[in-house]
Amino acid sequence: FVHQSELRKHASQNDAAKGFGGKYGVQKDRVDKAAHSFDSSSEGTQYKTKIDAKGDVKNFRSRFENFGAAAEEENKKKIEEERRRRELEHKRQVEAAKKKEAAAEQLRAQEERARKEEEERKNAEIRMEEERRMEEEQRADAARRQDQEREREQRIEEEQRAAEERRLREEAQRQAEEEQRAAQRRINEERERQDEEERKRMEEVRREEERRKILSFYRDKFSLFVDRK
């Protein structure tokens, strides 16, 4: 807050009919009734002065007129000084008003600059908050994607492990079946071999039996032949 005071104007500044000099001259309501201006034709005063009858009346009149001229010149000087003083006062007032306006303008500029800085600070805070929120969302998205990727990899690993276990079980089952078929094949081969050996043995026994029968037949025939002789 800046206090702004205004100088109260003189009465002559508000009304040109008041004050000394100017457009209307001396205020008429403050003129001595016994006083008259130099352009007035009436007598200035009722006071009777004693005039030296021996003196020169013309010299006295000349001195009186010179005195009036000097007073008029003095009044003119005073009026000129008052005018210059008023001009200086007006100039000071104008300069003061300009300074006050400049100060007010500077204050407004400072307030506007402060308002802009505050607005920029708030905008910067909003941008920082927005960037922070976006970074958090990005981190959350990245973490969520990592979790999803990790779950997918775990699921793939589990599927691969399950497929490997299923393959191993199938492989083991196939090997077991192959071993079982091989064992059954060996059993069948052994059984066939045993059957073949049994068949061969039986065939050998049969042949041996037939051979004995034949030998017995010829022996009997030979014995019978010998007995006949």
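Residues numbered from 1 in each chain as written. Predicted model: local features only at pLDDT ≥ 70, side-chain atom pairs only at ≥ 80, totals over all residues. Heavy atoms only, no water.

When you go through the protein chain residue by residue, the secondary structure sums to two helices and zero strands. When burial is assessed residue by residue, the protein chain has 3% of its 229 residues classed as buried. If you take every contact in the protein chain between residues at least 6 apart in sequence, the share linking residues at least 24 apart comes to 45%. When the accessible surface of the protein chain is split by element, carbon and sulfur atoms take 50% of a total near 21,700 Å². (Helix = DSSP H or I, 4+ residues; strand = E, 2+ residues; numbered from the N terminus. Buried < 20%, exposed > 50% of the residue type's maximum accessible area, 1.4 Å probe, protein only. Contact = heavy atoms within 4.5 Å. Areas by Shrake-Rupley, 256 points an atom, 1.4 Å probe, with all protein chains shown as cover.)

A few words now on the confidence of the model for the protein chain. Averaged over every residue, the pLDDT of the protein chain is 79; the share at 70 or more is 71%. Here residues 44-51 is a poorly scored stretch, pLDDT under 50, and it has four contacts once near neighbours within four places are set aside; other chains count. (pLDDT = per-residue confidence, 0-100.)

With that settled, the discussion passes to the pattern of salt bridges. Summed over all chains, the structure comprises 32 salt bridges. Close ionic contact of R133 with E130 constitutes a salt bridge, the shortest N to O distance being 2.2 Å. Here R133 pairs with E130, and both are found in helix 2 (residues 57-228), just three residues apart, close to one helical turn. You can call E130 partly exposed: its relative accessible area is 34%. One salt bridge in this structure joins E203 and R206, with 2.1 Å as the shortest N-O distance. Of this pair, E203 and R206 both sit in helix 2, three residues apart, which is roughly one turn of that helix. Exposure remark for R206: the relative accessible area of 38% places this residue in the partly exposed category. Taken together, the salt bridges that share partners define one network made up of E80, R83, R84 and E87. (Salt bridge = Lys/Arg side-chain N within 4 Å of Asp/Glu carboxyl O.)

Turning to a nonpolar patch on the surface, a few remarks are in order. Residues I214, F217 and Y218 make up a contiguous nonpolar surface patch of about 340 Å² in total accessible area. Inspection of the secondary structure puts I214 in helix 2. (Patch = residues over 30% accessible without salt bridge, like charges linked within 9 Å, V, L, I, M, F, W, Y side chains within 5 Å.)

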